[in-house]
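So the chains spell out like this:
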Amino acid sequence: MAATDVDVFSNEEKRNLSLGGHVGFDSLPDQLVSKSVTQGFCFNILCVGETGIGKSTLMNTLFNTTFENEEASHYQNGVYLRPRTYDLQESNVHLKLTIVDTVGFGDQINKDESYKPIVDYIDTQFENYLQEELKIKRSLFNYHDTRIHICLYFIAPTGHSLKSLDLVTMKKLDSKVNIIPIIAKADTISKSELHKFKIKIMSELVSNGVQIYQFPTDDEAVSEINASMNAHLPFAVVGSVEEVKVGNKSVRARQYPWGVVQVENESHCDFVKLREMLIRVNMEDLREQTHARHYELYRRCKLEEMGFKDTDPDSQPFSLQETYETKRKEFLGDLQQKEEQMRQMFVNKVKETEAELKEKEKELHEKFEQLKRMHQDEKRKVEEKRRDLEDEMNAFNRKKMASETLSLSQPLKKDKKN
Amino acid sequence: MTSNIRYKSRIPVKTEDSMEEKQYVGFATLPNQVHRKSVKKGFDFTLMVAGESGMGKSTLVNSLFLTDLYKDRKLLNAEERINQTVEIIKHTVDIEEKGVKLKLTIVDTPGFGDAVNNNECWKPITDYIDQQFEQYFRDESGLNRKNIQDNRVHCCLYFIPPFGHGLRPVDVEFMKALHEKVNIIPLIAKADCLTPTEIKKLKDRIREEIDKFGIKVYQFPECDSDEDEEFKQLDKELKECTPFAVIGSNTVVEARGQRVRGRLYPWGIVEVENQSHCDFVKLRNMLIRSHMHDLKDVTCDVHYENYRAQCIQEMTSKLAQDNRMESPIPILPLSTPDVDTEKLIKMKDEELRRMQEMLNKMQQQMHDKD
């Protein structure tokens, strides 16, 4: 489980024996090779660079084929990644090649967020692999590994130094992926300028702590060539798919009015070096580094986030099972707590609302009483008024009758007078 | 030296025939007099160069004027440039050729487009140009106008990187912010990374995009119809060649037995002054030998006048609002209509409109009756 090699037989004595004859296990590497050939290989390249800097052309030149590609526009709103998978075959070796392009990189006016889509993509590929690894029923041998094995960072040939965007992006990527910086469109820099430019770039990378991929020098078979190539970084490349006739051969080159730049001429550019290093010598090492270093780092960070540790507070090695159990208990405990809380809240709320409703009820009652009282008062008043009115009417009627009888007797008196 | 002396000067020849002398007045010597006076006065020209760092601006300026303006320049590291702001740096040199003096000012804009966040990175540049206009405006309206110094920017060379597929958003925004303040001449920088077909494709693309976004770059004036065919042909070629694809060089190399300015590569030598290699010669001819004065004229007659008119309009509208007669700068009494007259005018306008409407109605009625 741990990352360091465990010597299982450390307690037992190891003895070196010499063989009496030819046993035949020296064919083990061959068996491994034939197995991997039948399985097929898988390689994923990420190309990061401004629009139009020559990423697609370089891929076409490296793999000597034409991957279909439309020209990208400069007016994308943000950076997005475009992965494309191809099946290539050379002699009897199958290669599943995935090329991931960064579209829109470096075009926006505000490039603060430009590195994020790239980092997110790389993390997603690691995450997918991690999920597959943690599955109960998993099929790792069948899994299409999409983790990025190499990031080719294309530097614009300004001749002065790195751009600020380059520095910021490479710093974010150096702990997640193997970076090989290359100087694109190198046919615009003369030899002396190129020398100064390379030194400036490397010194800037070193002084800012950016870790680019170093070709391995521990394997004696390739250590010499790798060491010399390390000194030539960053590679200054020129890409071309057009053929120009030079001498009596047709070579891939760019034709200018003042001369012909041959892609495969080592004194013209470092394309051959890049191809050697990337494809012919170190491809397998790149895959290993991605798995053993970058992926393991990601996995460790992710699992630590989730709360897994290799050793508990007593420094006893934890097993994954126990950690699972504790985590699960914790989680359930949390869940219960939350439930309780919610219930409490609910009850409180209900109480509150009840109290409110009661108050409202009381208020309404009071109002009702008040209105009733008012109503009764009014009624009384009206009654009084009515009685008064009736009294008045009675009085009036009496007066009327009185005056009528009076008037009846009056005309007699008048007559009597007359 | 002007390559096309398109005027003919005639010095009166003393002949015995007095009739000829009487018919010859002599103002044909005016061009000569202008020439003499201008040589005595000397010329000035302000050129601005703008573009990202590493595009070869300084090298091109050195190649154009065959001098070394940037002797002890210190370039920033990538780290320092992450949050860099744009500065404006002026270099002024006095150069002389065949008795003609030129006070050349190069306005540099280090830091443009170099930071990670380049929002409004062209603002210091537009502010600078406006400042120069404002200063000239004040000087021109002042009382003592004897020694006005003209610091206005006459031309801006904008360097477009050749690594892309055309204009980028920052290029478009910059040119749109400046096209009504200064003459913009877009150039394709470091053209030695493009083959002839690629150059043509990029030029077409850029011209298309300039039209599409409505950017007003400097247009060469049309040549007169009475010019000879050769000149017209040259002029046409010049116009179809824009934007110029240029290469600059600080070094002299040996090519074809001659010492020329160029760049030495393992696969060949790029000659800066070779017309089949790049458009440097066309740019130099256009900028210095034929159109320098036109650039100054367009700056004075178009861009500066626009600025001035805008400035005055703003001031008068402000005056009308504040209803005060004090002006912020000492201007001569302008014929600004005061508030009352304006009101009167407005009323009269209303009346006219109403009467017009009534007339229309009456006409309509008459038509209907018919």
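Residue positions are given per chain, counting from 1 as you read along its sequence in written order. Throughout, the order in which chains and ligands are written sets their labels, letters from A for the former and numbers from 1 for the latter. For a predicted model such as this one, the threshold for reporting local features is a pLDDT of at least 70, and the threshold for listing and counting side-chain atom pairs is 80 or more; totals across whole chains, interfaces and linings nevertheless cover every residue. To get the side-chain values, take all heavy atoms of the structure and skip hydrogens and water.

This part is about the sheet that holds strand β4 (residues 150-155) of chain A. Residue and element names in this part refer to chain A. If you walk across this open sheet you meet the six strands as β2-β3-β1-β4-β5-β6, and the pairing is mixed. The open sheet has two free edges, formed respectively by β2 (80-90) and β6 (235-236), since each of these has just one partner strand. Where β4 and strand β5 (residues 179-183) come together, five bridges link them in parallel fashion. Counterpart to Phe154 in the pairing with β5 is Ile182. Strands qualify as paired when DSSP identifies two bridges or more between them. Helix and strand definitions here come from DSSP, where helices need a minimum of 4 consecutive H or I residues and strands a minimum of 2 consecutive E residues; each element is numbered from the N-terminal end.

Our next topic: unusual backbone geometry. Cis geometry marks the peptide bond from Leu233 of chain A to Pro234 of chain A; its omega dihedral reads -15°. Within the fold, Pro234 of chain A resides in the loop between α6 (220-230) and β6. A cis amide bond links Thr242 of chain B to the next residue, Pro243 of chain B, at an omega of -10°. Relative to the helices and strands, Pro243 of chain B is located in the loop between α7 (229-240) and β6 (244-245). Positioned with a positive phi, Lys185 of chain A is a non-glycine residue whose angle comes to about 45°. Residue placement: Lys185 of chain A occurs in the loop between β5 and α5 (191-207).

Below, the discussion takes up the sheet that holds strand β9 (residues 268-271) of chain B. Note on sheets: strands pair through backbone hydrogen bonds, and any given pair is parallel or antiparallel. Residues and elements named next belong to chain B. Strand order in this open sheet of three strands is β7-β8-β9, and the pairing throughout is antiparallel. Pairing within the sheet leaves two strands with one partner each, and these edge strands are β7 (252-255) and β9. Recorded for the sheet is a direction-independent mean angle of 70° between the axes of neighbouring strands. The pairing of β7 with strand β8 (residues 258-265) spans four bridges and is classified as antiparallel. In the strand pairing of β8, Val252 is matched with Arg261. As a rule, the C-alpha atoms of each element are fitted with a line to give its axis, helices using only the stretch in contact, and angles between N-to-C directions run from 0 to 180 degrees.

To qualify as a nonpolar core, a set must consist of buried Ala, Val, Leu, Ile, Met, Phe, Trp, Tyr and Cys residues joined through side-chain atoms within 4.5 Å. The classification of residues rests on relative accessible area computed with a 1.4 Å probe and restricted to protein chains. Under 20% of the type maximum is buried, over 50% is exposed, and intermediate values are partly exposed. Counting residues in hydrophobic clusters, the biggest one holds 156 residues, and the most contacted among them are Leu152, Ile180 and Phe235 of chain A together with Leu157 and Phe174 of chain B. Examining the composition of this core, we find that eight residues originate from one element, helix α3 (residues 115-134) of chain A, more than from any other. Setting aside residues no more than four positions away along its own chain, Phe235 of chain A makes contact with Ile180, Pro181, Ile182, Ile183, Phe215, Met229, Asp270, Lys273, Leu274 and Met277 of chain A. Any two residues whose heavy atoms approach within 4.5 Å at even a single point are treated as in contact.

Here the focus is the packing of aromatic side chains. Geometry of aromatic contacts follows a simple scheme: Phe, Tyr and Trp rings, the Trp one being its six-membered ring, pair when their centres are within 6.5 Å, and the pair is stacked under 30 degrees between planes, edge-to-face over 60, tilted otherwise. In the structure shown here, the tally under the stated rule is 18 aromatic pairs over all chains. Ring centres 5.3 Å apart and planes at 40° place the aromatic pair Phe133 of chain B and Tyr307 of chain B in the tilted group. Taken together, the positions of Phe133 of chain B in helix α4 (residues 123-140) and Tyr307 of chain B in helix α9 (residues 292-322) put the pair 174 residues apart, joining distant regions of the chain. As far as burial versus exposure is concerned, Phe133 of chain B and Tyr307 of chain B are alike and both buried. Taking 4.8 Å as the distance between ring centres and 20° as the angle between the ring planes, the aromatic pair formed by Tyr158 of chain B and Phe174 of chain B counts as stacked. Linking Tyr158 of chain B in strand β4 (residues 155-160) with Phe174 of chain B in helix α5 (residues 169-178), this pair joins segments that are 16 residues apart in sequence. As far as burial versus exposure is concerned, Tyr158 of chain B and Phe174 of chain B are alike and both buried. Connected via pairs of aromatic rings, a cluster forms that spans Phe126, Tyr129, Tyr143, Tyr295 and Tyr298 of chain A. A positively charged side chain is recorded as over a ring if its NZ (Lys) or CZ (Arg) lies within 6 Å of the ring centre. The angle to the ring normal must also be within 35 degrees. The ring centre of Tyr295 of chain A lies 4.8 Å from the NZ or CZ of Arg147 of chain A, which sits over that ring.

Side chains on a regular strand alternate between the two faces of the sheet. Where β8 of chain B lies against β9 of chain B, four bridges are found, and the strand directions are antiparallel. Looking across to β9 of chain B, one finds that Leu264 of chain B is bridged to Ile269 of chain B.

Right, let's get into the environment of His293 of chain B. Within the secondary structure layout, His293 of chain B lies in helix α9. Separated by 16 residues in the primary sequence, His293 of chain B and His277 of chain B have C-alpha atoms spaced 28 Å apart.

Another aspect to go through is the UniProt feature "site: Important for dimerization" (unreviewed entry) in chain B. The UniProt feature table records "site: Important for dimerization" (unreviewed entry) at Phe163 of chain B. Following the sequence through the fold, Phe163 of chain B ends up in the loop between β4 and α5. Apart from residues no more than four positions distant in its own chain, Phe163 of chain B is found in contact with Thr51, Gly52, Ile53, Ala156, Pro157 and Lys185 of chain A together with Met55 and Cys193 of chain B. UniProt positions are given in the numbering used here, feature names are shortened, and annotations may be inferred rather than shown by experiment.

Glancing now at the side chain of Thr158 of chain A. The residue Thr158 of chain A is located in the loop between β4 and α4 (164-173) in this model. The residues touching Thr158 of chain A, leaving out its near neighbours within four places in the chain, are Lys163 and Phe197 of chain A together with Ser53, Gly54 and Lys190 of chain B.

Negative charge collects at one region of the surface, where Glu352, Glu356, Glu359, Glu363, Glu366 and Glu369 of chain A lie side by side. When you line up the elements, Glu369 of chain A lands in helix α9 (residues 320-417). Only residues whose relative accessible area exceeds 30% and that form no salt bridge enter a patch; like-charged residues are grouped when within 9 Å of one another, and nonpolar side chains (Val, Leu, Ile, Met, Phe, Trp, Tyr) when within 5 Å. All accessible-area figures derive from a Shrake-Rupley calculation using a 1.4 Å probe, and residue coverage is judged against the displayed protein chains alone. Any carboxyl oxygen of Asp or Glu that lies within 4 Å of a side-chain nitrogen of Lys or Arg is treated as forming a salt bridge with it. The sign given to each residue is positive for Lys and Arg and negative for Asp and Glu; His and the chain ends receive no count. A charge is said to be at NZ when it belongs to Lys, at CZ for Arg, at CG for Asp and at CD for Glu.

Next up on the list: the interface of chain A and chain B. With 44 residues of chain A at the contact, the number on the chain B side is 52 residues. Two parts placed together each lose some accessible area under a 1.4 Å probe, and the buried area is that loss summed for both. The contact between chain A and chain B buries some 4000 Å² in all, and 55% of this surface belongs to carbon and sulfur atoms. A per-residue breakdown of the area chain A buries against chain B is headed by Tyr75, Ile109 and Trp258 of chain A, which together make up 21% of the total. Between the two partners, chain A and chain B, sit three salt bridges. The partner of Glu193 of chain A in a salt bridge is Arg263 of chain B, with the nearest N and O atoms 2.8 Å apart. At the level of secondary structure, the elements contributing two or more residues to the side of chain A that touches chain B comprise α4, α5, β8 (249-256) and β9 (259-262) of chain A.

Time to look at a nonpolar patch on the surface. On the surface, a nonpolar cluster with roughly 430 Å² of combined accessible area is contributed by Leu19, Val23, Phe25 and Leu28 of chain A. Within the element layout of this structure, Leu28 of chain A appears in helix α1 (residues 28-39).

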